Amino acid sequence: MAISLDSALGIHQPALEARIKRAEVLANNLANADTPGYKARDIDFSAMMQKAKQELSGLGMEKTHDQHMDTSSMAPDSELLYRVPHQPSVDGNTVDTQQEQSRFMRNAMEYQASFQFLNGKISGLKKAISGQ
Amino acid sequence: MSLGSIFDIAGSGMTAQSLRLNTTASNIANAETASSSTGETYRARKPVFAAIQQSMLNPSQQGLAFASDEGPGAGVRVEGIVESDAELQMRYEPDHPAANEDGYVFYPNVNVVEEMADMMSSSRSFQMNVDIMNSAKSMMQRILTLGQQ
């Protein structure tokens, strides 16, 4: 069996990337906590993972002609949705600071988990390469 | 990797909040600045915040359809500072050196209690942005240790 580094690392690499992207979106929500009319956003993590899985398994659509539409980049932020506010404020802002902050912290923890898995994969590969 | 942009986002939040704190400080400092006419009197100043969209930073994408609404955004900016048009306080103080011929002086329309609440809100928001930046920093530092024993 040929070892491809991409498949050896599995789902953890796109998971880590998704976590980083989500951290960016949540940081942006928190930076705009006092901006009138700002609508809080979040990433649909499961949709993003679904997409990553599809690409990993090679089931995604491929470009075989110059004039084909690039489906992977056509909707790069289709997972980026607007949050349904529990308590919208008078100025139209839908950021709930406490919730966003707890989500950011949780995302950071899950990022650490993904990181740990990825690290495990890499040290496994290292062991296999050095043959110990 | 877009962890770097979290620094920009949190940085823009800190800049905006410190500017808000600045206007609050200016308002409180000038809360008792009397003058003899309505035109000269200090008026409470408030910053107006607006979200930065990614397409603003990337002019090449501006022509694309839906480009304005895509992307997670890139922080917050201060669109301007507006002066409050609430009514000035007119007080009868004939002994005041700035009193007009009828003995009235005009005091700014600064509501000190409101300003104090605003001050707390902006300093909390500033702290929050610092926390975000610290988290992004530790996430980045962990990336650097990837693959090490």
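From a predicted model like this one, the values you see are computed outputs, not experimental measurements. (Residues numbered from 1 in each chain as written. Chains lettered and ligands numbered in written order. Predicted model: local features only at pLDDT ≥ 70, side-chain atom pairs only at ≥ 80, totals over all residues.)

> Is there a simple way to explain the overall build of chain B in this structure?
Across its full length, chain B holds three helices and four strands. Moving toward the C terminus, one meets the helices and strands of chain B in the order α-β-α-β-β-β-α. Across the 149 residues in chain B, those meeting the buried criterion constitute 25%. Within chain B, counting contacts between residues at least 6 apart in sequence, those at least 24 apart form 69% of the total. (Helix = DSSP H or I, 4+ residues; strand = E, 2+ residues; numbered from the N terminus. Buried ≥ 20, exposed ≤ 12 C-beta atoms within 10 Å, placed from the backbone. Contact = placed C-beta atoms within 7 Å.)

> So what exactly am I meant to see when it comes to helix α2 (residues 12–31) of chain A here?
Given 3.6 residues per helical turn, the α-helix brings residues three or four places apart onto the same face. In this model α2 of chain A runs 28 Å from its N-terminal to its C-terminal C-alpha over 20 residues, within 8% of the 28 Å that 1.5 Å per residue would give. Within α2 of chain A, 16 of the 20 residues are buried, which leaves the element mostly enclosed by the surrounding structure. (Expected span 1.5 Å × (residues − 1).)

> Just to check I follow, could you spell out the domain arrangement of chain B for this structure?
Bring the parts together and some accessible area is lost; that lost area is often taken as the interface size. In terms of domain boundaries, chain B breaks down into domain 1 (3–31 + 45–83 + 110–144) and domain 2 (32–44 + 85–109). Across the boundary between the two partners, domain 1 of chain B contributes seven residues, which contact seven residues of domain 2 of chain B. (Domains from an automatic or database assignment.)

> Honestly, the interface of chain B and chain A in this entry has me stumped. Any pointers?
Tallying the contact residues gives 29 residues for chain B and 29 residues for chain A. Ranked by residue count, the leading element in the side of chain B that touches chain A is helix α3 (residues 112–144) of chain B, at eight residues. Tallied by class, the residues present in the side of chain B that touches chain A amount to 15 nonpolar, twelve polar and two charged. (Nonpolar A, V, L, I, M, F, W, Y, C, P; charged D, E, K, R; others polar.)

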